[in-house]
Amino acid sequence: MQDRPPLVTTPSMKPQILLAAKVPPFLVEALAQRYIVHDMLAQPDPGFVDRVAPQVRAVVANGESTITADFLARLPAVELVSVFGVGYDGVDVQAARQRGIQVTNTPDVLTDDVADMAMALLLAVARKVPQADRYVRDGQWGRAAFPFTRKVSGARLGIVGLGRIGSAIAQRARGFGMHIAYTARSRKDGIDYPYYPTPRDLAEQVDMLIVSTVGGPATHGLIDAETLRALGPQGILVNIARGTVVDEDALVEALATKAIAGAGLDVFASEPRVPAALASMDNVVLTPHMASGTLETRTAMANLVLDNLDAHFAGRPLPTPVP
Ligand code: 8YV
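The structure presented is a predicted model; accordingly, all values stated were derived computationally and were not measured. For every chain, the first residue of the written sequence is number 1, and numbering continues from 1 along that sequence. Local features in a predicted model are, by the rule used here, given only for residues with pLDDT of at least 70; side-chain atom pairs are given and counted only at 80 or more, and totals for whole chains, interfaces and linings are based on all residues. Excluded from the side-chain calculations are hydrogens and water; all other atoms, namely the structure's heavy atoms, are used.

**Some thoughts on the UniProt feature "domain: D-isomer specific 2-hydroxyacid dehydrogenase NAD-binding" (unreviewed entry) in the chain**
Then, number 1: Within this structure's numbering, the places UniProt gives as "domain: D-isomer specific 2-hydroxyacid dehydrogenase NAD-binding" (unreviewed entry) are residues 119–291.
Then, number 2: In this annotation, residues 119–291 is assigned 32% helix and 14% strand; the end-to-end C-alpha distance for the span is 11 Å. UniProt positions are given in the numbering used here, feature names are shortened, and annotations may be inferred rather than shown by experiment. Segments assigned H or I by DSSP are reported as helices when at least four residues long, segments assigned E as strands when at least two residues long, and all are numbered from the N terminus.

Put into structure tokens, the structure is as follows:
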């Protein structure tokens, strides 16, 4: 029998990337068509990252990822971190910059969904939508009266952080005839809504407070016990930003003692862990960090991740580098 010629393997020219977060399957598939993908969450072996590290030229992360300076130091060939999400507070951008590593995110495409979700949570808490649903399913209708709820239209709304998402929330709230005020690091030029320098000052003036500011050390615990007390026993808090912006222990305490009336929370300090106390309360609505989670928006986010990677590897300007 004739010997077969040895199989010649040519090294793939595809750049290698490290997938460091859970992203939708359609993004994983699209990435795999263009790149050699090392999915670190699918690898139980702790030595995996260091084994592939010398070849890794880009990292795909998400809004919840923690990409520290130490982690980047383990990736000597990395050139780009592409975040599937608008928030990049988990990425040490300064450390990346020092190494010449670019960071991109997915702004704008998710603004509408996140603002929609803020209003959904506000309405769900104020109008007791989950409780009303349970009441009907449990066959209570016709037996016991459903309690009165709180009116959202015309109420006073405070927005913490009037960036892209905060402004989109304000736009929606105007449609509800709400009286809008805001706090931010500084007063915004050309904005007529009343400005308060701190969340506490703002909370004193409003019925409902929506948190839509960036995460990270600068806003850690910004919504503290004092702010919640200022919001008052009729007050409702909604957080679609980052769990760390709200002092979670203080929030649990404020809800338990009825220092505030209720809360709608899409984000938590240590996801996916939700404090058991919150889950046992009836005056809260809890969702699993899904504000941007429509098929349309997650598809647009995925496309932006791909566009940034493709631009980088083609030597073109990045569509959405972080500022
Ligand atoms: C997540 C988010 O990134 O955009 C952000 O900053 O927090 C979200 O959109 C998304 O859940 C993907 O993990």
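**Observations concerning the side chain of glutamine 16**
Then, number 1: Here glutamine 16 lies in strand β1 (residues 16–19).
Then, number 2: With a 1.4 Å probe rolled over the protein chains alone, any residue whose accessible area is under 20% of its type maximum counts as buried; one over 50% counts as exposed, and the rest are partly exposed. Residue classification places glutamine 16 among the buried residues on the basis of a relative accessible area of 18%.
Then, number 3: Not counting the four nearest positions on each side in its chain, glutamine 16 is found in contact with Ile36, His38, Gln55, Val56, Arg57 and Ala58. Any two residues having at least one pair of non-hydrogen atoms within 4.5 Å are treated as being in contact.

**Some remarks on the domain arrangement of the chain**
Interface size is often expressed as the accessible area that is lost when the parts come together.
Then, number 1: According to the domain assignment, the chain contains domain 1 (11–107 + 295–314) and domain 2 (111–286).
Then, number 2: Delimitation of the domains relies on an automatic or database domain assignment. Using C-alpha coordinates to define each centre, domain 1 is positioned 32 Å away from domain 2.
Then, number 3: Domain 1 puts seven residues into the contact, and the matching count from domain 2 is seven residues.
Then, number 4: As used here, buried area is the combined drop in accessible area, with a 1.4 Å probe, of two parts when they are placed together. On the domain 1 side of the interface with domain 2, the three residues burying the most area are Asp89, Pro107 and Thr297, jointly 65% of the side's total.
Then, number 5: Criterion for a salt bridge: a side-chain nitrogen of Lys or Arg within 4 Å of a carboxyl oxygen of Asp or Glu. At the junction of domain 1 with domain 2, the criterion picks out one salt bridge.
Then, number 6: A salt bridge links aspartate 89 to arginine 242, with the shortest nitrogen-to-oxygen separation between them at 3.0 Å.
Then, number 7: Polar contact criterion, stated in full: a pair of N or O atoms within 3.5 Å, where within protein one must be able to donate a hydrogen and the other to accept it, and residues adjacent in sequence count only if both atoms are side-chain atoms. There are three residue pairs in polar contact (both at pLDDT 80 or more) connecting domain 1 and domain 2.
Then, number 8: Of the residues assigned to the side of domain 1 that touches domain 2, the class counts are two nonpolar, three polar and two charged. By the convention adopted, Pro, Cys, Tyr, Trp, Phe, Met, Ile, Leu, Val and Ala count as nonpolar, Lys, Arg, Asp and Glu as charged, and the other residues, Gly among them, as polar.

**Quick look at the pattern of salt bridges**
Then, number 1: Evaluation of the coordinates by the stated rule reveals 14 salt bridges.
Then, number 2: Salt-bridge contacts for arginine 74 lead to aspartate 50; the nearest nitrogen and oxygen are separated by 3.0 Å. Residue arginine 74 is located in the loop between α3 (69–73) and β4 (80–84), and its partner aspartate 50 is located in helix α2 (residues 48–52); the two are separated by 24 residues in the primary sequence.
Then, number 3: One network of salt bridges, with partners in common, ties together Asp112, Asp116 and Arg172.

**A short note on empty space enclosed by the protein**
Then, number 1: A cavity, in this analysis, means grid points on a 1 Å lattice covering only the protein atoms where a 1.4 Å probe fits yet has no way out; a pocket is instead an open set bounded by protein on both sides within 12 Å along at least five of seven lines, and a residue lines either one if it has an atom within 4 Å of a point. Grid points are joined across faces, edges and corners, and a volume is the space filled by probe spheres set on the points. This structure, assessed with the given rule, holds one cavity of 30 Å³ or more.
Then, number 2: Put simply, the largest cavity is a space of about 30 Å³.
Then, number 3: In this structure, the largest cavity is lined by Asn239, Gly243, Val246, Glu248, Leu251, Leu265, Val267 and Phe268.

**Quick look at the packing of helix α5 (residues 111–126) against helix α7 (residues 164–175)**
Then, number 1: Fitted lines through C-alpha atoms give the axes, limited to the stretch in contact for helices. The angle between two N-to-C directions lies from 0 to 180 degrees. At a closest axis distance of 8 Å, the pairing of α5 and α7 adopts a crossing angle of 55°. The angle between α5 and α7 falls in the class oblique. Where α5 crosses over α7, the handedness of that crossing is right-handed. Mapping the contact onto sequence places Thr111, Asp112, Val114, Ala115, Asp116, Ala118 and Met119 in α5 and Arg164, Ile165, Ala168, Ile169, Arg172 and Ala173 in α7. Roughly parallel means an angle under 35 degrees; roughly antiparallel, over 145; roughly perpendicular, 65 to 115; everything else is oblique. The handedness criterion is simple: a crossing whose near helix is rotated anticlockwise from the far helix by less than a right angle is left-handed, and one whose near helix is rotated clockwise is right-handed.

**What to know about unusual backbone geometry**
Then, number 1: Across the junction of glutamate 271 and proline 272, the peptide omega takes the value 5°, indicating a cis bond.
Then, number 2: One non-glycine residue, lysine 128, lies in positive phi territory at about 50°.
Then, number 3: Structurally, lysine 128 is set in the loop between α5 and α6 (129–137).
Then, number 4: Using a relative accessible area of 26% as the deciding quantity, one classes lysine 128 as partly exposed.

**Quick notes on the pairing of strand β7 (residues 179–183)**
Then, number 1: By the criterion of burial, β7 is predominantly enclosed, with four of the five residues buried.
Then, number 2: Two strands qualify as a pair provided DSSP detects at least 2 bridges between them. Taken together, the five bridges between strand β6 (residues 156–160) and β7 define a ladder with parallel strand orientation. Counted as the bridge partner of glycine 158 is alanine 181 from β7.
Then, number 3: Note on handedness: a crossover is taken as right-handed if, strands pointing away from the viewer, the path from the first strand over the helix to the second is clockwise. For the segment spanning β6, α7 and β7, crossover handedness is right-handed.

**So, the environment of aspartate 89**
Then, number 1: Note on placement: aspartate 89 falls in the loop between β4 and α4 (93–98).
Then, number 2: Counting along the chain gives 26 residues from aspartate 89 to glycine 63, while the straight-line C-alpha distance between them is 7.6 Å.
Then, number 3: Looking at aspartate 89, its side chain comes within polar contact range of the side chain of arginine 242, at 3.0 Å.

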